[in-house]
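The chain contents come next:
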Amino acid sequence: MADRNLALELVRATEAAAIAAGRWMGRNDKEAGDQAAVDGMRHMLTTVDMAGVVVIGEGEKDEAPMLFNGETVGSGNGPATDIAVDPVDGTTLLAQGRPGALAVLAMSPRGTMFDPGPMVYMEKWVVGADAVGVIDIDAPTTENLKQIAKAKSKNVSDLTVIMLDRERHATMAQEIRDAGARLRLIMDGDVAGGLLAAMPDRSIDLCVGIGGTPEGVGTACAIRALGGEMLGRLWARDTDEAARARADGFDLEEILTTEKLVASPDTFFVCTGVTSGELLAGVNYTGHGVSTDSLVMRGSSGTVRRILADHTDRKLEELGALGQ
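For clarity, every value in this text was computed on a predicted model and none was experimentally measured.

With that settled, the discussion passes to the confidence of the model for the protein. With 92% of its residues at a pLDDT of 70 or more, the protein shows a mean pLDDT of 91. Here residues 59-64 is a poorly scored stretch, pLDDT under 50, and it has 10 contacts once near neighbours within four places are set aside; other chains count.

On to the environment of Phe-250, then. Structurally, Phe-250 can be placed in the loop between helix H8 (239-247) and helix H9 (258-261). Residues Phe-250 and Ile-148 lie 102 residues apart in sequence; the distance between their C-alpha atoms is 30 Å. Once residues lying within four places of it in the same chain are set aside, the contact partners of Phe-250 are Asp-115, Pro-116, Gly-117, Pro-118, Leu-234 and Ala-245.

The next thing to look at is the layout of surface pockets. Here the second largest pocket is characterised by a volume of approximately 260 Å³. For the lining of the second largest pocket, the secondary-structure elements that each account for two or more residues are strand E7 (182-186) and helix H6 (190-198). The element that contributes the greatest number of residues to the lining of the second largest pocket is H6, accounting for three residues. When its residues are assigned to classes, the lining of the second largest pocket shows 10 nonpolar, four polar and four charged.

The biggest cluster of nonpolar side chains holds 46 residues, and the ones touching the most others in it are Leu-195, Leu-234, Leu-252, Phe-269, Cys-271, Leu-279 and Met-297. At seven residues, helix H7 (residues 213-226) tops the list of elements feeding residues into this core. Leaving out residues up to four positions away in the same chain, Leu-234 has contacts with Phe-114, Pro-116, Met-119, Tyr-121, Met-122, Thr-213, Phe-250, Leu-252 and Leu-256. Counting residues in hydrophobic clusters, the runner-up holds 37 residues, among them Val-11, Ala-16, Ile-19 and Val-290.

Structurally, Gly-189 is set in the loop between E7 and H6. For Gly-189, a relative accessible area of 9% puts it in the buried group. With 159 residues separating them in the primary sequence, Gly-189 and Lys-30 have C-alpha atoms 14 Å apart. Contact partners of Gly-189, with chain neighbours within four places excluded, come to Asp-89 and Leu-164.

In space, the five strands of this open sheet follow the order E7-E6-E8-E5-E9, with mixed pairing throughout. Edge positions in the sheet fall to E7 and strand E9 (229-234), since each has one partner strand and no second. Between one strand and the next, the sheet's axes are offset by a mean angle of 15 degrees, whatever the strand orientation. As judged from the five bridges shared by strand E6 (residues 160-164) and E7, these two strands associate in the parallel manner. Counterpart to Thr-160 in the pairing with E7 is Arg-182. Where H6 meets the sheet, its contacts fall on strand E5 (121-127), E6, E7 and strand E8 (206-212), and the angle it forms with E8 comes to roughly 155 degrees.

So, on to unusual backbone geometry. For Asn-28, which is not a glycine, the phi torsion comes out positive at approximately 60 degrees. Residue placement: Asn-28 occurs in the loop between helix H1 (4-22) and helix H2 (30-45). Residue Asn-28 is classed as exposed on the basis of its relative accessible area, which comes to 63%. Not every positive phi belongs to a glycine, and Ser-153 is a case in point at roughly 55 degrees. Along the chain, Ser-153 falls in the loop between helix H4 (141-151) and E6. A relative accessible area of 71% means that Ser-153 is categorised as exposed.

Another point: the packing of H4 against helix H5 (residues 170-179). The axes of two packed helices give the description: the angle between them and the distance between them. The N-to-C vectors of H4 and H5 enclose an angle of 50 degrees; their axes lie 9 Å apart at closest approach. Taken as axis vectors, H4 and H5 run oblique relative to one another. For the crossing formed where H4 meets H5, the hand is right-handed. Within the contact between the two elements, H4 uses Thr-141, Thr-142 and Leu-145 and H5 uses Met-172, Glu-175, Ile-176 and Ala-179. Of the residues that constitute the contact of H4 with H5, the class distribution is four nonpolar, two polar and one charged.

Cut-offs applied
Residues numbered from 1 in each chain as written. Predicted model: local features only at pLDDT ≥ 70, side-chain atom pairs only at ≥ 80, totals over all residues. Heavy atoms only, no water. pLDDT = per-residue confidence, 0-100. Contact = heavy atoms within 4.5 Å. Helix = DSSP H or I, 4+ residues; strand = E, 2+ residues; numbered from the N terminus. 1 Å grid on protein atoms, 1.4 Å probe; cavity = no way out; pocket = protein on both sides within 12 Å on 5 of 7 lines; lining within 4 Å. Points joined across faces, edges and corners; volume = space filled by probe spheres on them. Nonpolar A, V, L, I, M, F, W, Y, C, P; charged D, E, K, R; others polar. Core = buried A, V, L, I, M, F, W, Y, C linked by side-chain atoms within 4.5 Å. Buried < 20%, exposed > 50% of the residue type's maximum accessible area, 1.4 Å probe, protein only. Pairing = 2+ DSSP bridges. Axes fitted to C-alpha atoms, helices over the stretch in contact; angles between N-to-C directions. Parallel < 35°, antiparallel > 145°, perpendicular 65-115°, else oblique. Left-handed = near helix turned anticlockwise from the far one by under 90°.

Below, the structure is given as structure tokens:
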């Protein structure tokens, strides 16, 4: 499946989503921004030479517009693939005009991507290549921080942990503080958090916490390219959800490794900035067109490319994003 031309076609889909969604920055309308991104991404995916199936899409957990699970995408020609999409990771960030919203798409060969079914949340631990193999998801937080620091030849007080700012994380957040590590809380967008933790040139050492399963599966495709490690476990919001999951055959105690989340190293991960953040610049509209900032990752080669693109009106028309 590994084809650098395919990677460039996929980034056109996240560019189209970002350009369409970026018009809604700060307009306090989450669904309109998400719908614009979905429409832009779906339009471009029809032109990509692949026989893709959306295994996991954004939408169910917040009743947002979505590329639905089971939807076929692509021209029907080319490789058979699994797709994970999040047309806007950080819809609240976009709606409120805050930093860090991304358009995200990940792909792997057909049958290799973990399908979490109805489970919309999972526990996640993400580290870079220099801390692979040291996390024990069942160990105390303090012990994991010590092991990560040792692997990185740091003190625990040198570590920086990134985590979603949620009430469900209150206990773990206090454990991180008590251990002496630095903690950065973010409103939304734990895909970016996971990437920052796994990229060697960034200052984040660990991304941890409970977030969406679509974001988790997509992040795992990127971790394959970055050489880091992701461990996860499905998380039920209440006893009824846990009972339904078990009835459907899901093991809520199972540790989901990077290889379990995506069983092939032959992955693609692409994302484009919607609003400017630490990972990528957001969409910039000019008098002559639009500029975008994207990352493209290939698991088979470990290649990570940053693509800064200027889109003229003609290119915008091809992307299906003119005048949105």
